[in-house]
Amino acid sequence: MFFFLSKLLIELLNPFNWVVGGLLISVCIKSRKWKWMLKLGSLFLFLIFGNRGLINSIYSWIEFRPLSQDNITKSYSYGVLLGGGFARFDPAFPDRIIFGDHINRLTESMELYHSNKLKKLIISGGDGSLIAKKQVESQNIKTFLLENQ
């Protein structure tokens, strides 16, 4: 139940859905004042959340700066490799793992492990689909790491 509610919450918080919802409601209602306000509000939301430069500026302002590996002097018992869709399985190539844009998560984790700054690596990333059963990302990464030690 929690999994379903978390997926529903993601959709409710998606700005694109607010823009489309506002435009759809503006078509359905009769009041000219509310139509105008919904269309204007949808345009405003689109201009704010559709502006990739503005969003990237806000991200860079609130995110922590990454440490270089030279600044990590302590050895840690565990490190967490966050999944999130950077490794996928392609049925056309069953012996390969297809990596996406965020492969640096894996390479950085491997470097930290091989430089003895991490003793063990916890791999996250599962099947985030509500309907179809997909290949589990963490299993793909585990297979890759075991084959490429």
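Look above for the structure.
The text that follows walks through the structure, step by step, so that each part is easy to find. (Residues numbered from 1 in each chain as written. Predicted model: local features only at pLDDT ≥ 70, side-chain atom pairs only at ≥ 80, totals over all residues. Heavy atoms only, no water.)

### Considering helix α2 (residues 15–28)
- Over its 14 residues, α2 extends 20 Å from the first C-alpha to the last, a length consistent with the 20 Å expected when each residue adds 1.5 Å.
- Along α2, the positions that sit buried rather than exposed are Val19, Gly22 and Ser26. Around the axis of α2, the buried residues are gathered within 65° of arc, so they sit on the same side. Among the exposed residues of α2, those pointing more than 90 degrees away from its buried face are Phe16, Leu24, Val27 and Cys28.
- As for α2, its buried residues are in contact with α3 (32–49).
- Two or three places before Phe16, at the start of α2, stands the capping residue Asn14, its side-chain oxygen 3.1 Å from that residue's backbone nitrogen. (Helix = DSSP H or I, 4+ residues; strand = E, 2+ residues; numbered from the N terminus. Expected span 1.5 Å × (residues − 1). Buried < 20%, exposed > 50% of the residue type's maximum accessible area, 1.4 Å probe, protein only. Arc of directions from axis to C-beta. Contact = heavy atoms within 4.5 Å. Polar contact = N/O pair within 3.5 Å; in protein donor to acceptor, adjacent residues only side chain to side chain.)

### Overview of the layout of surface pockets
- By volume, the largest pocket amounts to about 390 Å³.
- Around the largest pocket, the lining is made up of 15 residues, and of these Val80, Arg105, Glu108, Ser109 and Leu112 lie nearest the centre.
- The element best represented in the lining of the largest pocket is helix α5 (residues 104–114), accounting for 5 residues.
- The class makeup of the residues in the lining of the largest pocket is 9 nonpolar, 4 polar and 2 charged.
- Taken as a whole, the second largest pocket encloses approximately 250 Å³ of empty space.
- Taken together, the elements giving at least two residues each to the lining of the second largest pocket come down to α5, β4 (118–123) and α6 (137–147).
- Among the residues making up the lining of the second largest pocket, the classes are represented as 6 nonpolar, 3 polar and 1 charged. (1 Å grid on protein atoms, 1.4 Å probe; cavity = no way out; pocket = protein on both sides within 12 Å on 5 of 7 lines; lining within 4 Å. Points joined across faces, edges and corners; volume = space filled by probe spheres on them. Nonpolar A, V, L, I, M, F, W, Y, C, P; charged D, E, K, R; others polar.)

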